[in-house]
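# Remarks on the overall topology
The lines below spell out each chain.
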Amino acid sequence: MAGGGMVSQGEVKDYGGKVTAFVVITCMVAATGGLIFGYDIGISGGVTSMDVFLEKFFPSVYRDEEAVTGGEKNQWCQFDSPLLTAFTSSLYIAGLLSTYVASATTRRFGRRVSMLVGGANFLAGSAINGAAVNVAMLIVGRILLGIGVGFANQAVPLYLSEMAPAHLRGALNIGFQLATTLGILVANLVNYGTNRITAGYGWRVSLALAAVPGGLLTIGALLLPDTPNSLVQRGHRDEAKAMLRRIRGIDDIDAELADMVEASEASARVQHPWRNIFRRRYRPQLIMAVVIPAAQQLTGINVIMFYAPVLFKTLGFGANASLMSAVITGVVNVAATLVSIASVDRLGRKALFLEGGAQMLVSQVAIGVILGFGFGSGGDKALSKGFANLVLVLICVYVAAFAWSWGPLGWLVPSEIFPLEIRSAGQSIVVSVNFFWTFLVAQFFLMALCHLKHGLFFLFAVFVLAMTLFIILLLPETKNVPIEEMNLVWRRHWFWKKFVPQDEHLPTAAANVKSTA
Ligand code: BGC
């Protein structure tokens, strides 16, 4: 007890160990889960701006688009169709529901079983979508893809955060986001290519190719070991010990294992994670699990990710130029994620959140001003070429800011702050809140664009301001803190310390190892 008290005021410890090739490869394989998430995000916007696809499945949208070309309809409103947005967003509804099933699977059967279920559903969904002959098949396919992503996003970030040594957790976890951005980029490139298939089946190729990332995750999950934390939690202590030695590359893993065992014993006492998560002592984590993913979506990023081709078309770029612009933002997205990987464990999470927030704010305001000025709120003026290009540059500045801040951190931070006993349940909340807001933005963006016009960018700017203030005041820094010791950061935080018991026993190893670390 006394030792625990001492550590709670002292330094966070370092378990030692090397970064082994094994842990890096394992994390790279797991991160392919991000590919399926990203491929989905990137593919639907491009497909829904393909004329053949619209004509076949959404003829009314196609007619409206023709009317705009003929000058009969306001261009802010051309893509405002509930059925079209249902195609994009049905995936997120399926994902947000299935992630709760994934929570139980992940806790009871381990992280890799959930990844396997995710990959398999994704494969099935891509087959149905590629073969679709009517809207119903499209939607069923999207629902299966959604289940796939619901499982993968629940299990992969946890897997990465548990496998990684504390001082590299940020970088390895962001492998998930890097894979997400690569998935988006590949999807954009695929769309760019398939849009040129004149025989009219290009959209089928785009949708069916989702089987590639789906297959990668499925095979990856079959080959991966489970995390030591999950092995301990499920009673396989010897296996956990061997695995920990292997991933850390040292023999003396007793301290880290002791913390896991202790966390797991605490976890075993918690029979009902869902009831427990609402206890006062978990309030800080719960608030973060709800606010961070919601805020990530309220940056407005998916307006660009889903609708970039549509948005660029609205701005007066031709069909090919629109898809090409989406490819450009895709490249910026990947490159800026690398910046995050390189800096997150050195600069810390908060510094990135704050810089990214400020940069997004400035670019959103600038985009709103230029669109208001150059496009006219009636949407009747044509945007000059110079303005259109300037908007493209500003969108890239905005995407870069998101990609080294809220993008990766929106998944990293929630996955590293929960104690083991409620980690799986907590991650499901994160996924479902994220998907719920993704759905809302997807569902209402085209409508909001039609009504708020350029003012929509100001609205997102206000959200970014509010969430940046939230981070300044309420998020403690979590870099380099071992995952089973995260309780310390809440105990020390000026506000959250009121919620977390101060005198409680900490992992015993924390006391023992501190002096030698
Ligand atoms: C978000 C997605 C977004 C993507 C963009 C992810 O972190 O959750 O909604 O589309 O980043 O790269």
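Report follows, based on the coordinates. The written sequence of each chain sets the order in which its residues are numbered from 1. Residues qualify for local features only when their pLDDT is at least 70, as the model is predicted, and side-chain atom pairs are given and counted only at 80 or more; totals for whole chains, interfaces and linings, by contrast, use all residues. For side-chain calculations, the full set of non-hydrogen atoms in the structure is used, while hydrogens and water are omitted.

## Quick notes on the packing of aromatic side chains
Convention followed: Centre distance within 6.5 Å is the pairing criterion for rings of Phe, Tyr and Trp, where only the six-membered ring of Trp is used; planes under 30 degrees apart are then read as stacked, over 60 as edge-to-face, and the remainder as tilted. Each helix corresponds to a stretch of at least 4 residues labelled H or I by DSSP, and each strand to a stretch of at least 2 residues labelled E; elements are numbered beginning at the N terminus. Between buried and exposed lies partly exposed: a residue is buried under 20% and exposed over 50% of the maximum accessible area for its type, with that area taken using a 1.4 Å probe on protein chains only. We call a charge positioned above a ring when the Lys NZ or Arg CZ atom is no farther than 6 Å from the ring centre and deviates by at most 35 degrees from the ring normal.
One pass over the structure, following the stated rule, counts 21 aromatic pairs. When the ring of phenylalanine 53 is compared with that of phenylalanine 87, the centres are 5.6 Å apart and the planes differ by 55 degrees; the resulting orientation is tilted. Residue phenylalanine 53 is found in helix α4 (residues 51–57), and its partner phenylalanine 87 is found in helix α6 (residues 82–109); the two are separated by 34 residues along the sequence. For the pair phenylalanine 53 and phenylalanine 87, a shared accessibility class is recorded, and that class is buried. Here the aromatic rings of phenylalanine 373 and phenylalanine 387 are separated by 5.9 Å at their centres, their planes lie at 85 degrees, and the arrangement is edge-to-face. Placement of phenylalanine 373 in helix α19 (residues 349–375) and of phenylalanine 387 in helix α20 (residues 385–404) is noted, with a sequence separation of 14 residues between them. Given a relative accessible area of 60%, phenylalanine 373 falls into the exposed group. Among the aromatic side chains, those forming a connected cluster through ring pairs are Phe37, Tyr92, Phe176, Trp411 and Phe435. Its end group placed over the ring of phenylalanine 57, lysine 56 keeps NZ or CZ at 5.7 Å from the ring centre.

## Notes on the pattern of salt bridges
Stated precisely, the cut-off is as follows: What makes a salt bridge here is a side-chain nitrogen of Lys or Arg within 4 Å of a carboxyl oxygen of Asp or Glu, nothing more.
Within the structure shown, the criterion is met by 11 salt bridges. Residue glutamate 162 pairs with arginine 111 through a salt bridge whose shortest N-O separation is 2.8 Å. You can see glutamate 162 sitting in helix α8 (residues 135–163) and its partner arginine 111 sitting in helix α7 (residues 111–130), a full 51 residues away along the chain. Side by side, glutamate 162 and arginine 111 carry an identical accessibility label, which is buried. Here glutamate 265 makes a salt bridge to arginine 237, at a shortest N to O gap of 3.8 Å. Of the two residues, glutamate 265 is situated in helix α14 (residues 254–269) and arginine 237 in helix α13 (residues 237–248); the sequence distance between them amounts to 28 residues. Three or more residues joined by partner-sharing salt bridges are found here, namely Arg111, Glu162, Arg423 and Glu484.

## Observations regarding the site of the ligand
Just so we agree on the cut-off: Only heavy atoms are used to decide nearness, and a residue is near a molecule or strand if one of them lies within 4 Å of it. N or O atoms closer than or at 3.5 Å make up a polar contact, with two conditions inside protein: a donor-capable atom paired with an acceptor-capable one, and, for residues adjacent in sequence, both atoms drawn from side chains. Only protein atoms enter the calculation, which uses a 1 Å grid: trapped sets of points that fit a 1.4 Å probe without letting it out are cavities, open sets showing protein on both sides within 12 Å along at least five of seven lines are pockets, and any residue with an atom within 4 Å of a point is a lining residue. Just a note on the criterion: a molecule sits in a pocket or cavity if more than half of its atoms are within 2 Å of the grid points. Put simply, Ala, Val, Leu, Ile, Met, Phe, Trp, Tyr, Cys and Pro go in the nonpolar bin, Asp, Glu, Lys and Arg in the charged bin, and everything else, Gly too, in the polar bin.
Taken together, 14 residues sit near the ligand, with Gln177, Gln296, Gln297, Asn302 and Asn333 positioned nearest. Asparagine 333 is positioned such that a nitrogen or oxygen atom in its side chain is 3.0 Å from an oxygen atom of the ligand. With respect to the ligand, the side chain of tryptophan 411 contributes an N or O atom lying 3.0 Å from an oxygen atom. At a threshold of 2 Å from the grid points, most atoms of the ligand map onto the largest cavity. Listed by contribution, the elements that provide at least two residues to the shell around the ligand are α3 (33–47), α9 (169–194), α16 (283–298), α17 (301–314) and α21 (406–417). If one sorts the elements of the shell around the ligand by residue count, α9 sits on top with 3 residues. Its residues placed into classes, the shell around the ligand shows 6 nonpolar, 8 polar and no charged.

## Description of empty space enclosed by the protein
Stated formally: Grid points are joined across faces, edges and corners, and a volume is the space filled by probe spheres set on the points.
Evaluation of the coordinates by the stated rule reveals 7 cavities of 30 Å³ or more. Empty space within the largest cavity amounts to approximately 120 Å³. Of all elements in the fold, only α3, α9, α16 and α17 reach the threshold of two or more residues within the lining of the largest cavity. With 4 residues, α9 is the largest single contributor of residues to the lining of the largest cavity. When grouped by side-chain class, the residues that make up the lining of the largest cavity number 7 nonpolar, 7 polar and no charged. Roughly 100 Å³ of volume is contained in the second largest cavity. Around the second largest cavity, the lining is made up of 15 residues, and of these Tyr15, Arg248, Glu256, Ile483 and Glu484 lie nearest the centre. Where the lining of the second largest cavity is concerned, the elements lending two or more residues are α8 and α14.

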